[in-house]
Amino acid sequence: MQGNATEVTAAGIARLAGVGRAAVSNWRRRHADFPRPVGGTETSPAFALAEVEEWLRRHRKLAEVPLKERVWQQLVGHPDGPVTALVHAGCVLLLIHDRPPVWLDISSGADERLAALLPAALDEVLTPRMPETARQGRPDRSRVNVQHPVNTPPAATPPATPAPRSAPATPAAPALDIPTAPRLLPSVPLLRGVAELAAERGARATFEFLLGRHLDANPRQYTLTPPGVADLMAALAGTPTTVLDPACGTGALLRALADRPDRRLHAQDGSPELAALTALRLALHTRAPVHAAAGDTLRADAYPELRADAVLCHPPFNERNWGHDDLAYDPRWEYGFPARTESELAWVQHALARLRDGGTAVLLMPPAVASRRSGRRIRADLLRRGALRAVVALPAGAAPPYSVPLHLWVLRRPDRTPAQPEVLLVDTGRFTDDGRGGPDWPGVRETVLDAWQAFDAAGRIDERPGLARSVPVIELLDDDVDLAPARRLPPPADTDGAGRLTGVRARLDETLRLTAELTPPPAEPVPPAASGRLPLTTVGELARAGALVMRTGGQGGHGGHARVPVLTDHDVLAGTAPSGTLPESEEEPVLTEAGDVVLPVLGGGAVARVVDEETAGAVLGRNLVLLRPDPAALDPWFLAGFLRGTANHRQASSYASTATRLDVRRLQLPRLAPDEQRRYGERFRALDAFERALREAGRLGEQLVRGMYDGLTDGTIAP
C-alpha cells in the first residue's frame, strides 16, 4: 500500500502549509514524529502525502488541505509522472464536461470498477471529438516518456525521419490513445479528486489550472506562446474556418481561435506529451472535432492533403536538425531550398504549402530571419511572388526569449501576383514596458491591426512615422533583402524636442531641491549608557500571536481580477508602480491594502515596501511576502524599517548555488511600546521619501541626457 501512495516533496509540504521550505526543514529537525522519507534522494526526499496531512493536522499547522492542493500533489506524485497524470485527468474532465451522467454512473463503485469501465466511456466521448484518437486494442502510449525535457520551442528535435529515398519513415501518430484499465488504476484517486474540483470550478477551468501549474513548475522544459502574442496572431488571421498549427506546443494559438463551433482545428507537434495535452485542451474549449497528431511535422507531415484557411505557428528557433539532409527534393520548397541554418524559412514554406489559395499564415519569428544573408534568396522570392505581406516587429519582452524583439510574418498563398506589390512593415518597439509586466498589449494590438486592415484593404498605406509604412517590393530587392522594420522606419522627428527637454530640466531641478530638503540630518550616536540590546521578537512569533497576518504571492487570479495590476518583485526592488499582469490561473489572488508591508524573498536585497493608497488593491506577485500588521500592535513603517536591516536579512537568509532566499518568519524586530514604534516609524518614512526622490532624480537625469544626445544627433537641438 505504501508503495502506491502519493508522494510529496518538501516544497509541496511548504505549499500545503503556506510556509517557506526552511520551516519544513526546521520541523524535520525539531519534531521526532515528523514523517520519514519514503522516496526521493538524500538531498530531495519525498514523503507520503497522507502521513504529511495527518501530521500537519495533529500539530495544528493546517486545518485542512485545500482541495486544489491535494489534487496537485496527487498529480505531481503520480507513479508514471505528472504528464501522464495530466493526460488522464484531461480525459476524465472531457468526459465530465460532455457526459456528466456517465461519469456519475461509473464512478459510484470501487476503484477497480471505475478503472475497468472508464476506457469504454472515454472511447465514446473521445472518438467523436478527436477522430484520430487511437482505439482500444492498439499499443497503449498513455504512459508518456518525460525523461528528456522539452528544452526547445514546440515540435523541436523529434526522432529523425528519413527522406523518401531512405528507409521508410515513421508516420505521425494520433496525439491521444485511450488509456487501458491497468494504466488508469493508479490514477483513480487523482481522477476522483479532479472530478470533485471540477464540481467547484468547472471542467475547463480545472484543466487550465492544472496545466498552468504544471507549466509554471517546469519553466525550462517548455517554450510558451504568451496570450498577448496568441491573440494578436489570431486576429491577423481573420475569421478562418479551417486552421492548422504545425508546431502546436500547448495549443495557445489554436485556443485563441476555438471560439466558434464551425471551426476545424488541426494540430501537430513533435512532442507526444504536448500533442496530447493540446488535443484535450482544445476539445474542452470547442464543440468542433479536433484533429491532433504527434510527429515531426517537417519530416512526417500528418496533413499532406490539407489546404487550410489559416496557419498559425510558433516554430522552433535556430534548429539545425530540421531535416536539411533528408528533404532536399521536397515539393514544399517552392521558394527555394532552405539552408541548414534557415529552419524558420522551412517552416514558412511548410505553412504556405498547407494554405488554400488566398489563405493567410502568421508565424512568430526571430528577428535574424529578416536579415541573415543565407536566407536572402528565399526572402526575395517570397517578395517577388507576393507571398510575404507584412513583417511586424514586436516589443522586447513580448515572448521568449524576452530580451529579443521578435517578429511576426504575415504571409498569403498567392492566387495572383500583385501588379505593383508592396509590403507592410510595422515597428511596435515604442510599446516596450520598462517593468516586468510585459509590453503595452492594447497599444500593440491597436497599432498592428489598424495598419494591417488598412493595408489588406488597399494594398498600401500612408506612412505612419515611426510605426508603419508600406514599402514597394522593388526597394527591398537589394543585395541584402533586409526586412527588419527598424531599418526602414526611422523614428518620428520630435518637432518639440527642445521644449520637451526644457520641461524635463525643470522637473529635475525641482526634484533635486526636494532631495536636498529630504536629506537626513547628521546621524547622532547612541550614548553608551543607552546602547543596551533591545528584547527581540520574530515575524513568525508575531504571526502566531495575531499581531500580523502573513500571505505569500500566488500564481495569478481569475474572474473580476483579470484587469488588476500585479505588484511584482521588480516593482518592489525598483520602487515603481505595479507593472505586472495576471497570468491565466484559477487561484484566488492576494490583494494588497494600504499599510501592508511587502518583501521580496529572492535575490538577497534588504528591501521592504509599505503599500500606499496608490498601490493598494494591486495583486501580490510571485516571490513576494505580504505582512499585514494589526495597527493597534504594530506601526507599519516601524516594521518595514527594522526588516530592512542588513544584519537582519543576513541571519534570516539561506544560500543556494545560484540564489539567496529569505525566510521572512526568522526576521527580527525589537519589542517596543507603540509610541516608541511611531518615533522610529517617522524616521523610516522620511528615509523612504528621500530614497524615492533620489530614484526620481536619477530617472529624470537619464531622460535629460538621452534626450540631449538624440536632439543633437538628429538635428532638432542646436549645439
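It should be noted that the structure appears before, not after, this text.
Note that the structure is a prediction, hence the values are computed from the model and not measured.

When helices and strands are tallied, the chain shows 24 helices and 23 strands. The proportion of buried residues among the 719 residues of the chain is 51%. Restricting to contacts in the chain with at least 6 residues of sequence separation, those with at least 24 account for 74%. Summed over its atoms, the accessible surface of the chain is roughly 33,400 Å², and 52% of this surface lies on carbon and sulfur atoms.

Bringing the sheet that holds strand 11 (residues 407-412) into the picture now. Across the sheet, which stays open at both edges, the 10 strands sit in the order 4-7-6-5-8-9-11-10-12-13 with mixed pairing between neighbours. Two strands bound the open sheet, and with one partner strand each, they are strand 4 (173-174) and strand 13 (468-472). Where strand 6 (residues 264-269) meets strand 7 (residues 290-294), 5 bridges bridge the pair, whose relative direction is parallel. Looking across to strand 7, one finds that His266 is bridged to His291. Along the sheet face, helix 11 (residues 227-236) touches strand 8 (308-313), strand 9 (355-365) and strand 11 and points at about 160° away from the line of strand 9. Sheet strands touched by helix 16 (residues 441-458): strand 10 (388-393), strand 11, strand 12 (422-427) and strand 13. Its angle to strand 12, the strand with the most contacts, is close to 170°.

This part covers a positive patch on the surface. Taken together, Arg29, Arg30, Lys61, Arg544 and Arg666 make up a surface patch of like positive charges. Note that Arg30 resides in helix 2 (residues 21-30). Classification of Arg30 by relative accessible area gives exposed; the value is 65%.

We now examine the layout of surface pockets. Where empty space is left becomes clear once a probe the size of a water molecule has been rolled over the atoms. In this model, the second largest pocket occupies a volume close to 770 Å³. Lining of the second largest pocket is provided by 28 residues; of these, Gly575, Arg609, Asp612, Asp688 and Arg692 occupy positions nearest its centre. Going through the elements one at a time, helix 21 (569-574), strand 18 (609-610), helix 22 (636-643) and helix 24 (674-714) are the ones with two or more residues in the lining of the second largest pocket. By residue number, the principal contributor to the lining of the second largest pocket is helix 24, which donates 9 residues. The residue inventory of the lining of the second largest pocket, partitioned by class, reads 13 nonpolar, 4 polar and 11 charged. Both of domain 3 (494-522 + 681-718) and domain 4 (536-671) provide at least three residues apiece to the lining of the second largest pocket.

Here we come to the sheet that holds strand 17 (residues 597-600). The sheet built from 4 strands is open, its strands ordered 15-20-17-18 with antiparallel pairing. Strands at the two margins of the open sheet, each flanked by one partner only, are strand 15 (548-552) and strand 18. Where strand 17 meets strand 20 (residues 624-629), 4 bridges bridge the pair, whose relative direction is antiparallel. In the sheet register, Leu599 faces strand 20, and the bridge partner there is Val625.

A separate point is the nonpolar core. Grouped burial of nonpolar side chains is what soluble globular proteins tend to show. Residues Trp103 and Leu126 are the most contacted members of the largest nonpolar core, which totals 96 residues. For this core, the element with the highest residue contribution is helix 5 (residues 82-98), accounting for 11 residues. With residues up to four places along the chain from it excluded, the contact list for Trp103 reads Val92, Leu95, Ile96, Leu114, Leu118, Leu191 and Ala195. Counting 42 residues, the second largest nonpolar core, distinct from the first, contains Cys313, Ala346, Leu476 and Leu489.

This brings us to helix 1 (residues 10-17). A large share of helix 1 lies buried, amounting to 6 of its 8 residues. Contact partners of the buried residues in helix 1: strand 1 (7-9), helix 2, strand 3 (45-48), helix 3 (49-58) and helix 4 (67-76). Downstream of helix 1 by a residue or two, Gly18 has a phi angle that is positive, lying close to 70°.

Moving on, we get to the pairing of strand 10. Burial within strand 10 is extensive, with 6 of its 6 residues counted as buried. Sheet analysis places strand 10 next to strand 11, joined by 5 bridges and oriented antiparallel. Within strand 11, the position partnered with Leu388 by the bridge is Leu411. Of the pairings in the sheet, the one linking strand 10 to strand 12 comprises 4 bridges and is parallel in character. Bridging across to strand 12, Val392 finds its partner in Val426.

Pairs can form between side chains of opposite charge once their charged atoms are near each other. Under the criterion given, the structure shown has 41 salt bridges. Arg385 serves as the salt-bridge partner of Glu334, at 3.7 Å between the closest nitrogen and oxygen. On the criterion of sequence distance, the pair formed by Glu334 in the loop between strand 8 and helix 14 (343-353) and Arg385 in the loop between helix 15 (376-384) and strand 10 is long-range, its members being 51 residues apart. Since its relative accessible area comes to 31%, Glu334 is described here as partly exposed. Overall, Arg385 belongs to the partly exposed group, its relative accessible area being 30%. Residues Asp482 and Arg487 are paired through a salt bridge, measuring 3.0 Å at the closest nitrogen-oxygen approach. Several salt bridges share partner residues, and in doing so they unite Glu334, Asp357, Asp381, Arg385 and Arg413 into one network.

What follows covers the packing of helix 5 against helix 13 (residues 272-285). Close contact between helix 5 and helix 13 brings their axes to 10 Å; oriented N to C, the two are set at 20°. On the basis of the axis angle, helix 5 is roughly parallel to helix 13. Considering how the two elements wind past one another, helix 5 and helix 13 form a crossing that is left-handed. Where helix 5 abuts helix 13, its residues Val83, Leu86, Val87, Gly90, Cys91, Leu93, Leu94 and His97 lie against Glu273, Ala276, Leu277, Leu280, Ala283 and Leu284. For the contact of helix 5 with helix 13, the class distribution of residues is 11 nonpolar, 2 polar and 1 charged.

Turning next to the environment of Gly295. If you trace the backbone, Gly295 turns up in the loop between strand 7 and strand 8. Taking the C-alpha atoms as reference, Gly295 lies 4.3 Å from Gly270; in sequence the two are 25 residues apart. The contacts of Gly295, once residues within four sequence positions are left out, are Ala172, Gln268, Asp269 and Gly270.

Moving on: the pairing of strand 3. On any regular strand, side chains alternate: one points to one face of the sheet, the next to the other face. Here 3 bridges tie strand 1 to strand 3, and the two strands are oriented antiparallel to one another. For Glu7, the partnering residue across the bridge sits in strand 3 and is Ala48. The pairing of strand 2 (residues 39-40) with strand 3 spans 2 bridges and is classified as antiparallel. Counterpart to Gly39 in the pairing with strand 3 is Ala46. Between the end of strand 2 and the start of strand 3, which pair antiparallel, lie 4 residues.

Within the fold, His350 resides in helix 14. Among the residues examined, His350 registers a relative accessible area of 1% and is labelled buried. If sequence neighbours within four positions are ignored, His350 has contacts with Pro246, Thr297, Leu298, Asp301 and Arg332.

The next thing to look at is the packing of helix 22 against helix 24. The contact between helix 22 and helix 24 brings their axes to 7 Å, and the two run at 65°. As summarised for this structure, helix 22 and helix 24 are arranged roughly perpendicular, according to the angle between their axes. Considering how the two elements wind past one another, helix 22 and helix 24 form a crossing that is left-handed. Residue-level contacts link Trp637, Phe638, Gly641 and Phe642 of helix 22 to Gln677, Tyr680, Gly681, Phe684, Arg685 and Asp688 of helix 24. Across the contact of helix 22 with helix 24, the residue classes break down as 5 nonpolar, 3 polar and 2 charged.

Thresholds applied
- In this numbering scheme, every chain counts its residues from 1 along its sequence in written order.
- Given that this is a predicted model, residues contribute local features only at a pLDDT of at least 70 and side-chain atom pairs are listed and counted only at 80 or more, while totals for whole chains, interfaces and linings are drawn from all residues.
- Heavy atoms from the whole structure form the basis of all side-chain values; hydrogens and water molecules are not counted.
- Note on conventions: DSSP H or I runs of at least 4 residues are helices, E runs of at least 2 residues are strands, and numbering of each starts at the N terminus.
- Relative accessibility under 20% of the residue-type maximum defines a buried residue, over 50% an exposed one, and the middle range a partly exposed one, all with a 1.4 Å probe and only protein chains included.
- Should any heavy atoms of two residues lie within 4.5 Å, those residues are considered in contact.
- Residue exposure ignores everything except the shown protein chains as possible cover, and the areas themselves are Shrake-Rupley values with a 1.4 Å probe.
- The criterion for strand pairing is that DSSP finds at least two bridges linking the strands in question.
- To get an axis, a line is fitted to the C-alpha atoms, and for a helix only the part in contact is used. The angle between two axes follows their N-to-C directions and goes from 0 to 180 degrees.
- Patch membership requires over 30% relative accessible area and the absence of a salt bridge. Like charges are linked within 9 Å, and nonpolar side chains (Val, Leu, Ile, Met, Phe, Trp, Tyr) within 5 Å.
- The rule for a salt bridge is simple: a side-chain nitrogen of Lys or Arg has to be within 4 Å of a carboxyl oxygen of Asp or Glu.
- Counted charges follow a simple rule, with Lys and Arg positive, Asp and Glu negative, and His plus the chain ends left uncounted.
- Working definition for charges: the position is that of NZ of Lys, CZ of Arg, CG of Asp or CD of Glu.
- Both site types are read off a 1 Å grid over the protein atoms alone. A 1.4 Å probe that fits but cannot get out defines a cavity, while an open set with protein on both sides within 12 Å along at least five of seven lines defines a pocket; lining residues have an atom within 4 Å of a point.
- Grid points are joined across faces, edges and corners, and a volume is the space filled by probe spheres set on the points.
- Charged means Asp, Glu, Lys or Arg here, nonpolar means Ala, Val, Leu, Ile, Met, Phe, Trp, Tyr, Cys or Pro, and polar covers whatever is left, Gly included.
- Domain delimitation follows an automatic or database domain assignment.
- Among the buried residues, those of types Ala, Val, Leu, Ile, Met, Phe, Trp, Tyr and Cys that are joined through side-chain atoms within 4.5 Å form a nonpolar core.
- The scheme is simple: roughly parallel for angles under 35 degrees, roughly antiparallel for over 145, roughly perpendicular for 65 to 115, oblique for anything else.
- We call a crossing left-handed when the near helix sits turned anticlockwise from the far one by less than a right angle, and right-handed when that turn is clockwise.

Take it as geometry only, folks, not as evidence of what the structure does.
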